[in-house]
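The lines below spell out each chain.
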Amino acid sequence: MAKEHKRPDGRKLNELRKMIAKVGIIPNADGSAMFAFGDTVAIAAVYGPRQLHPQHMRNSSTGILRCNYDLLSFSVYDRKRPGPSRRSQEISRVTEWALLPAIDLSQFPNTVVDVQIYILQADAGTRTAGINAASMALAHAGIPMKDLICSVALGKNDQTLITDLTKEEEDYKEGEGATDFAIAKLANNDEFSLMQMDGKIQPEKVKEVLEMANEACKTIYEAQKKALKEVVENPQGGTEA
Ligand code: UDP
């Protein structure tokens, strides 16, 4: 019989890290939120809809979504060089694509909705934490949405499928090594809006990965909804000193 796989932090195979979801953290933004999976912490701020510059990028039949993802220098142990990179540009685009199926900007022609995503601390899964934060921040900004977007990374250490990989698990070297899948989906139907994979996986295991994603996204959705409800009930938030 194959040896049972033990995760370094003792989680069950399908267990998410401890999540923190908060809405309304940046007073000057039209909408804002933070989302953490364990030591991965993302914040998102939404500005708009506002007039789009440069003018040639305007679309007279709809507003556009513009996301900017930034992994801050101090978010990782080996200080990251500040500023844009190919990686941050790619993640900014896939974040836009992941969020677009949930939002409707047709009432706001010629405008842009800017979503700024900052990773304050990174321990893998930053694009997925950023998408979760951005989805809540868009809802907080009152952008018309048909659903929330939930996002999570799943993967494989050797032959074992696991949910919400840490950096240590992404770097796993034994047996078949590590594979990671970043996934985003609409919370209330089976439409996936992001699927990116690093590594290798047997095609027959993909269905199982998607089932694990569905299960994890249900838990994430509950955390997002709870945070949005809290800000509706207590718009000022926090505790006054
Ligand atoms: N990372 C890093 N320096 C970088 C980029 C990434 O240390 O310049 C780490 C960070 O912990 C990140 C992880 O590598 O979360 C995995 O990065 P990846 O590009 O796979 O995206 P993510 O899993 O964060 O969405």
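Going by the structure above, here's the rest.
The present account deals with the structure reproduced in this document. All values derive from a computational prediction rather than experimental measurement.

On a plain count of helices and strands, the protein comes out with four helices and nine strands. Going from the N terminus to the C terminus, the protein shows its helices and strands as β-β-β-β-α-β-α-β-β-α-β-β-α. A globule of 241 residues ought to have a C-alpha radius of gyration of about 18 Å, and the protein, at 18 Å, matches this closely. Taken along the three principal axes of its C-alpha coordinates, the protein extends 60 × 45 × 40 Å. Taking as baseline every contact in the protein between residues at least 6 positions apart, the subset at least 24 positions apart corresponds to 68%. Here the protein displays about 12900 Å² of accessible surface, and carbon together with sulfur accounts for 50% of that area. A gap of 3 Å separates the mean positions of the 30 positive and 33 negative side-chain charges of the protein.

Another point: the site of the ligand. Surrounding the ligand, one finds L71, V76, K80, R87, A122, D123, A124, G125, T126, R127, K167 and E170. Take R87: an N or O atom from its side chain is 2.7 Å from an oxygen atom of the ligand. T126 places a side-chain nitrogen or oxygen 2.5 Å from an oxygen atom of the ligand.

Next up on the list: the pairing of strand β9 (residues 192-198). For strand β8 (residues 178-186) and β9, the ladder comprises six bridges, and the chain directions are antiparallel. Looking at β9, one finds that A182 is bridged to Q196. In this antiparallel pair of consecutive strands, β8 and β9, the connection spans five residues.

What follows is about the packing of helix α1 (residues 86-99) against helix α2 (residues 126-140). At their nearest, the axes of α1 and α2 sit 10 Å apart, and the two run at 45° to each other. Looking at the two axes, α1 sits oblique to α2. As α1 packs across α2, the resulting crossing turns out to be right-handed. Contacts between α1 and α2 involve R87, E90, I91, T95, A98 and L99 from the first element and T126, R127, I131, A134, S135 and L138 from the second. Within the contact of α1 with α2, the residues separate by chemical class into six nonpolar, three polar and three charged.

Tracing the sequence through the fold places T166 in the loop between β7 (160-163) and α3 (167-170). T166 gets classed as buried once you look at its relative accessible area, which sits at 10%. With 50 residues separating them in the primary sequence, T166 and Q116 have C-alpha atoms 24 Å apart. Other than its neighbours up to four places away in sequence, T166 contacts D9, R11, R17, D123 and A124.

Pairing in this open sheet of five strands is mixed, and the strands run β1-β2-β3-β5-β4 from one edge to the other. Because the sheet does not close on itself, it has two edges, and the strands there are β1 (19-23) and β4 (64-71). Going from strand to strand, the sheet's axes swing by 15° on average, the running direction of each strand aside. Pairing of β4 with strand β5 (residues 111-121), which is carried by eight bridges, proceeds in the parallel orientation. Looking at the pairing, Y69 lines up with I117 of β5.

Of the volumes computed, that of the largest pocket is approximately 670 Å³. As for the largest pocket, its lining consists of 24 residues, and the residues nearest its centre are A122, D123, A124, K167 and E170. Those elements giving two or more residues to the lining of the largest pocket turn out to be α1, α2, α3, β8 and β9. Considered class by class, the residues forming the lining of the largest pocket number nine nonpolar, six polar and nine charged. What lines the second largest pocket is a set of eleven residues, among which K3, E4, H5, D158 and Y172 lie closest to the centre. Of the residues assigned to the lining of the second largest pocket, the class counts are two nonpolar, four polar and five charged.

Parameters at a glance
Residue numbers run consecutively from 1 along every chain, following the written order of its sequence. At least 70 in pLDDT is required for a residue's local features to be given in this predicted model, at least 80 for side-chain atom pairs to be given and counted, and no such filter applies to totals for whole chains, interfaces and linings, which use all residues. Only hydrogens and water are set aside when side-chain values are computed; all heavy atoms of the structure are taken into account. To qualify as a helix, a DSSP run of H or I must reach at least 4 residues; to qualify as a strand, a run of E must reach at least 2; elements of each kind are numbered from the N terminus. Note that the radius of gyration is over C-alpha atoms, with the globule rule given as 2.2 Å times the number of residues to the power 0.38. Note on contacts: a residue pair qualifies if any of its non-hydrogen atoms lie within 4.5 Å across the two residues. The method behind every accessible area is Shrake-Rupley, applied with a 1.4 Å probe, and residues are considered shielded solely by the protein chains displayed. This count recognises Lys and Arg as positive and Asp and Glu as negative, with His and chain-terminal groups excluded. Charge positions are represented by NZ for Lys, CZ for Arg, CG for Asp and CD for Glu. Here a residue counts as near a molecule or strand whenever at least one of its heavy atoms sits within 4 Å of it. The definition of a polar contact used here is a pair of N or O atoms within 3.5 Å, where within protein one atom must be able to donate a hydrogen and the other to accept one, and adjacent residues in sequence count solely through side-chain atom pairs. Strand pairing is defined by DSSP finding a minimum of two bridges between the two strands. Note on geometry: axes are lines fitted to C-alpha atoms, helical ones only across the stretch in contact, with angles between N-to-C directions running from 0 to 180 degrees. For this classification, under 35 degrees means roughly parallel, over 145 means roughly antiparallel, 65 to 115 means roughly perpendicular, and everything else is oblique. Take the far helix as your reference; a near helix turned counterclockwise from it by less than a right angle gives a left-handed crossing, and one turned clockwise gives a right-handed crossing. The classification used treats Ala, Val, Leu, Ile, Met, Phe, Trp, Tyr, Cys and Pro as nonpolar, Asp, Glu, Lys and Arg as charged, and all other residues, Gly among them, as polar. Note on exposure labels: buried denotes an accessible area under 20% of the residue type's maximum, exposed denotes more than 50%, and partly exposed covers the range between, all computed with a 1.4 Å probe on protein chains only. Grid points spaced at 1 Å over the protein atoms alone were grouped into cavities, where a 1.4 Å probe fits but cannot get out, and pockets, open sets with protein on both sides within 12 Å along at least five of seven lines, with lining residues defined by an atom within 4 Å of a point. Grid points are joined across faces, edges and corners, and a volume is the space filled by probe spheres set on the points.

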